[in-house]
Amino acid sequence: MENIIDALRSMPGFLSMKPATAQQVESAEGALQLRFSNDYREYVLACGAASFDGHELTGVCPSKRLSVVDVTLSERDCTPSVPAGWYVIEQLNIDGIVIWQSEDGSVYQTAPGISPQRIGESIVEYVKSCQEQK
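Anyway, here's the lowdown on the structure attached to this text. (Residues numbered from 1 in each chain as written. Predicted model: local features only at pLDDT ≥ 70, side-chain atom pairs only at ≥ 80, totals over all residues. Heavy atoms only, no water.)

1. Some thoughts on unusual backbone geometry
Excluding glycine, most residues fall at negative phi; most peptide bonds, likewise, are trans. Threshold: Runs of H or I in DSSP of at least four residues are treated as helices and runs of E of at least two as strands, each being numbered from the N terminus. Exposure is judged per residue with a 1.4 Å probe applied to protein chains only, and the accessible area is read against the type maximum: over 50% gives exposed, under 20% gives buried, and values in between give partly exposed.
Of note in this structure, Gln 33 is not a glycine but carries a positive phi near 55°. Among the structural elements, Gln 33 can be located in the loop between α2 (22–32) and α3 (38–47). With phi around 55°, Asp 95 is a residue other than glycine that occupies positive phi space. For Asp 95, the location among the structural elements is in the loop between β4 (86–91) and β5 (98–102). The exposure class assigned to Asp 95 is exposed, which follows from its relative accessible area of 66%.

What follows is the structure, encoded as structure tokens:
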């Protein structure tokens, strides 16, 4: 199975920030009261946060707009139906669509007035599907 770093680096226009430290990751998990999936931890430890081909993934970084903590806490207020163990991996900024990942690695999509839908097994699968939709 392809890892998240290889998947991201293969995407057009891939850019990343400064990698997060293990301490920063643990602090973010504590603030959200959850544990990130293994692939999300791998991603933030290597990239901090990243973008590719018009997509901006949240991460452990100083940007409030891309901070997984800030974005997740804000989206939890807007979408109280999501379980506490979910965190935002991307705000699409289209029709209120938000992409979430659960602690077990599954990826979900929410939108106003629609029940959460499971759209993938991992962040790798989600990233690859973004390219396939083009």
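2. Side note on the sheet that holds β4
Inclusion rule: When DSSP locates at least two bridges between a pair of strands, those strands are taken to pair. To get an axis, fit a line to the C-alpha atoms, keeping to the stretch in contact for a helix; angles then go from 0 to 180 degrees between the N-to-C directions.
On the basis of which strands lie adjacent, the open sheet formed by four strands has the order β4-β5-β6-β7 and antiparallel pairing. At either margin of the open sheet sits one strand with a lone partner, and together these are β4 and β7 (114–120). Taken over all neighbouring pairs, the strand axes of this sheet differ in orientation by 35° on average, direction set aside. Direction of pairing for β4 relative to β5: antiparallel, over a ladder of five bridges. Following the sheet pairing, Gln 91 is matched in β5 by Val 98.

3. Notes on the packing of α2 against α3
Rule in force here: Between 65 and 115 degrees an angle is taken as roughly perpendicular, under 35 as roughly parallel, over 145 as roughly antiparallel, and anywhere else as oblique. Crossing chirality is assigned from the near helix's rotation relative to the far helix, an anticlockwise turn below a right angle marking it left-handed and a clockwise turn marking it right-handed. Here, two residues are considered to be in contact whenever any of their heavy atoms come within 4.5 Å of each other. Under this grouping Gly is polar, as are all residues other than the nonpolar Ala, Val, Leu, Ile, Met, Phe, Trp, Tyr, Cys and Pro and the charged Asp, Glu, Lys and Arg.
At a minimum axis distance of 10 Å, the contact between α2 and α3 shows a crossing angle of 135°. In terms of orientation, α2 and α3 fall into the oblique class. With respect to the hand of their crossing, α2 and α3 are arranged in right-handed fashion. Judged by residue contacts, Ala 22, Val 25 and Glu 29 of α2 engage Arg 41, Val 44 and Leu 45 from α3. Per-class residue counts for the contact of α2 with α3 are four nonpolar, no polar and two charged.

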